[in-house]
Number of protein chains: 2
Amino acid sequence: MAEYGHLKRVPMVTVKRLSRYLRALEKFQEKGFETVSSEELAGELNVKPSQLRKDLAYFGEFGTRGMGYSIPKLAEELRRILGLHRQWAIAIIGVGNLGTALLRYKGLNEKGFRIAALLDDDPEKVGSSRSGVHIFHIDDLPNLVKEKNIQIAILTVPAPAARAVADLAVKSGIKAILNFAPVSIKAPPDIAVMHVDISSELKILSHHLAELDLSGETVGYPIVEDNGE
Amino acid sequence: MAEYGHLKRVPMVTVKRLSRYLRALEKFQEKGFETVSSEELAGELNVKPSQLRKDLAYFGEFGTRGMGYSIPKLAEELRRILGLHRQWAIAIIGVGNLGTALLRYKGLNEKGFRIAALLDDDPEKVGSSRSGVHIFHIDDLPNLVKEKNIQIAILTVPAPAARAVADLAVKSGIKAILNFAPVSIKAPPDIAVMHVDISSELKILSHHLAELDLSGETVGYPIVEDNGE
């Protein structure tokens, strides 16, 4: 039986930090370093060394007491943990402005990921291609997932369509969904769903602005240096 | 002196849930309900009633024991806490595919927000407009912030430019930044910075896929119903 508990066992913030540790390690490596202490590595992310050790402890023992971490070995381990030792095929569903932006977004074309297909239901788009990637009809999703061994679906469809498209993706065998549609999506527990909810991020900012306003800070004018903290 | 501690005092996950509570309340209101119990409201978000009460307790006392919450009163309070009782002006900096997608994104044109200006440094774009919003030169940012009383900057510039643009935004008087560039940004403590790091969300998904792989689950094929949890 598959073990589905992993994603929930390791806090999401830890997994997020792992990719930042990896980025920092790659920088150290570029500079020619071979080893790094937990203080140095944690310092790059502005976290405490104890936090770094706690994050890594979810996955086993790394580093040698008094010697620090071997940079190539830890980087390799982090790549394996993050699933970046192999390549995952992505389908972007919804070829509007956002879908097109993501297609060209650098972070989506990193080592480890490959955009294998675009899908839409607009007859004017289906059959053409963008940035060299073919646009298929949404009804082709089940076949494409099998033929191209697609694991990740990125949803950039309008809100009213998102749930039905997510259901189709799950039925087609997709195991991970990155949802940009402003609705929450339900999926079985073995499917990882990440929601990029831009509207909710904006509301965190407006909450901050409202608090500044309440506190008597004039919002929208240059910071006076001696405002302090 | 301004009180800057608020954003850090209230956990970000709490603020995120507040906007989801508000959405649920608005649904109840559309259906003609006047009051709602903490069980019913929490149930809409799949959280425990104790979590809802804890989230609200950061901001004071709401509801009457045994009576539940008055929907219009609680919704009004949440709008005030989230800063949605007034309108915030947004500048989108970087008018590429992503900037254009966000300009047309429904969540950005909700009540409470208004896209007041677009900015870019491409002479072919500056002076034209998209969806009725004028594209200014990035050098105009300080003047625009004052003239149009802009509070929020959305950064959709390429990674190498992001830090300099963020610095300019802060110097211009921007108090809140939503950063889509794949680099982290440093800002004074009174500036709220939210980072939408699509690449890091993707790595959480690939981590999940790698764990499924390790657990012997064949990735990329339909779920067998009896897989259990």
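Quick caveat: nothing in here was measured; it's all calculated off a predicted structure.

A. Structural view of the overall build of chain A. On a plain count of helices and strands, chain A comes out with nine helices and nine strands. Burial status across chain A gives 51% buried among its 229 residues. Considering only residue pairs separated by 6 or more positions, chain A has 55% of its internal contacts joining residues 24 or more positions apart. For chain A, the exposed surface amounts to about 10800 Å²; the carbon and sulfur share of it is 50%.

B. Geometry of the sheet that holds strand β4 (residues 113–120) of chain B. All names here are of chain B. Strand order in this open sheet of seven strands is β5-β6-β4-β3-β7-β8-β9, and the pairing throughout is mixed. Whereas interior strands pair on both sides, the edge strands pair on one side only; in this sheet they are β5 (129–130) and β9 (192–195). In this structure, strand β7 (residues 152–155) lies alongside strand β8 (residues 176–179), joined through four bridges in parallel fashion. Looking at the pairing, A153 lines up with I177 of β8.

C. Structural view of a positive patch on the surface. A cluster of basic residues, K27(A), K31(A), R163(B) and K186(B), forms a positive patch on the protein surface. Relative to the helices and strands, K186(B) is located in the loop between β8 and β9. You can call K186(B) exposed: its relative accessible area is 71%.

D. The arrangement of the side chain of D55(B) in detail. Residue and element names in this part refer to chain B. With respect to the helices and strands, the residue D55 is situated in helix α4 (residues 49–57). On the basis of relative accessibility, which here comes to 1%, the residue D55 falls in the buried class. Here Y21 takes part through its side chain, which lies 2.7 Å from a polar atom of the side chain of D55. Here D55 is in contact with T14, R17 and Y21, once residues within four sequence places are set aside.

E. Molecular detail of the pattern of salt bridges. Summed over all chains, the structure comprises 16 salt bridges over all chains. A salt bridge links K16(A) to E201(B), with the nearest nitrogen and oxygen atoms 3.3 Å apart. In this pair, K16(A) sits in helix α2 (residues 12–30) while E201(B) sits in helix α9 (residues 198–214), so the two residues belong to two different chains. You can call E201(B) buried: its relative accessible area is 11%. Here the salt bridges share partners, and the residues they tie into one network are E26(A), E76(A) and R79(A).

F. Broad picture of the packing of aromatic side chains. Using the criterion set out here, one finds four aromatic pairs over all chains in the structure. For R86(A), the ring lying beneath its charged end belongs to W88(A), and the centroid distance is 3.8 Å.

G. A look at the nonpolar core. Formed by 106 residues in total, the largest nonpolar core has its most connected members in L108(A), I152(A), L108(B) and I152(B). Ignoring sequence-local partners within four residues, the contact set of L108(A) consists of I90(A), I92(A), L102(A), F113(A), I115(A), I154(A), I198(B) and L202(B).

H. Examining the pairing of strand β3 (residues 88–93) of chain A more closely. All names here are of chain A. Of all the six residues making up β3, six are buried; the element is thus mostly covered by neighbouring parts of the structure. With burial as the criterion, each face of β3 is covered, one bearing W88, I90 and I92 and the other bearing A89, A91 and I93. In this structure, β3 lies alongside strand β4 (residues 113–120), joined through six bridges in parallel fashion. Bridging from a neighbouring strand, A91 pairs with A117 of β4. A crossover connection joins β3 to the parallel β4 through helix α6 (residues 97–104); in handedness this β-α-β unit is right-handed.

I. Summary view of helix α5 (residues 71–81) of chain B. All names here are of chain B. For α5, the complete set of buried residues consists of I71, L74, A75, L78, R79 and I81. The buried side chains of α5 occupy one side of the element, clustering within an arc of 160 degrees when seen end-on. For α5, the side-chain oxygen to backbone nitrogen distance between the N-cap and K73 is 3.3 Å, and the N-cap itself is S70. Directly beyond the C-terminal end of α5, a positive phi value near 70 degrees is found at G83.

J. Region of the structure containing the packing of α6(A) against helix α6 (residues 97–104) of chain B. The interhelical angle for the contact between α6(A) and α6(B), taken along N-to-C directions, is 155 degrees, at an axis separation of 8 Å. In terms of orientation, α6(A) lies roughly antiparallel with respect to α6(B). In terms of crossing hand, the pair formed by α6(A) and α6(B) is left-handed. Residue-level inspection shows N97(A), L98(A), T100(A), A101(A) and R104(A) of α6(A) in contact with α6(B), the latter providing N97(B), L98(B), T100(B), A101(B) and R104(B). A class-by-class count of the residues in the contact of α6(A) with α6(B) yields four nonpolar, four polar and two charged.

K. Looking closely at the sheet that holds strand β7 (residues 152–155) of chain A. All names here are of chain A. In space, the seven strands of this open sheet follow the order β5-β6-β4-β3-β7-β8-β9, with mixed pairing throughout. Edge positions in the sheet fall to β5 (129–130) and β9 (192–195), since each has one partner strand and no second. Two elements, β3 and β7, share four bridges in a ladder whose sense is parallel. Counted as the bridge partner of I92 is I154 from β7. Those strands touched by helix α8 (residues 159–172) are β3, β7 and β8 (176–179), and its axis lies near 170 degrees from that of β7.

Definitions and limits used
- Residues numbered from 1 in each chain as written.
- Chains lettered and ligands numbered in written order.
- Predicted model: local features only at pLDDT ≥ 70, side-chain atom pairs only at ≥ 80, totals over all residues.
- Heavy atoms only, no water.
- Helix = DSSP H or I, 4+ residues; strand = E, 2+ residues; numbered from the N terminus.
- Buried < 20%, exposed > 50% of the residue type's maximum accessible area, 1.4 Å probe, protein only.
- Contact = heavy atoms within 4.5 Å.
- Areas by Shrake-Rupley, 256 points an atom, 1.4 Å probe, with all protein chains shown as cover.
- Pairing = 2+ DSSP bridges.
- Patch = residues over 30% accessible without salt bridge, like charges linked within 9 Å, V, L, I, M, F, W, Y side chains within 5 Å.
- Salt bridge = Lys/Arg side-chain N within 4 Å of Asp/Glu carboxyl O.
- Lys, Arg positive; Asp, Glu negative; His and termini not counted.
- Charge placed at Lys NZ, Arg CZ, Asp CG, Glu CD.
- Polar contact = N/O pair within 3.5 Å; in protein donor to acceptor, adjacent residues only side chain to side chain.
- Phe/Tyr/Trp six-rings, centres within 6.5 Å; stacked < 30°, edge-to-face > 60°.
- Lys NZ or Arg CZ within 6 Å of the ring centre and 35° of its normal.
- Core = buried A, V, L, I, M, F, W, Y, C linked by side-chain atoms within 4.5 Å.
- Right-handed = clockwise from strand over helix to strand, strands pointing away.
- Arc of directions from axis to C-beta.
- Axes fitted to C-alpha atoms, helices over the stretch in contact; angles between N-to-C directions.
- Parallel < 35°, antiparallel > 145°, perpendicular 65-115°, else oblique.
- Left-handed = near helix turned anticlockwise from the far one by under 90°.
- Nonpolar A, V, L, I, M, F, W, Y, C, P; charged D, E, K, R; others polar.

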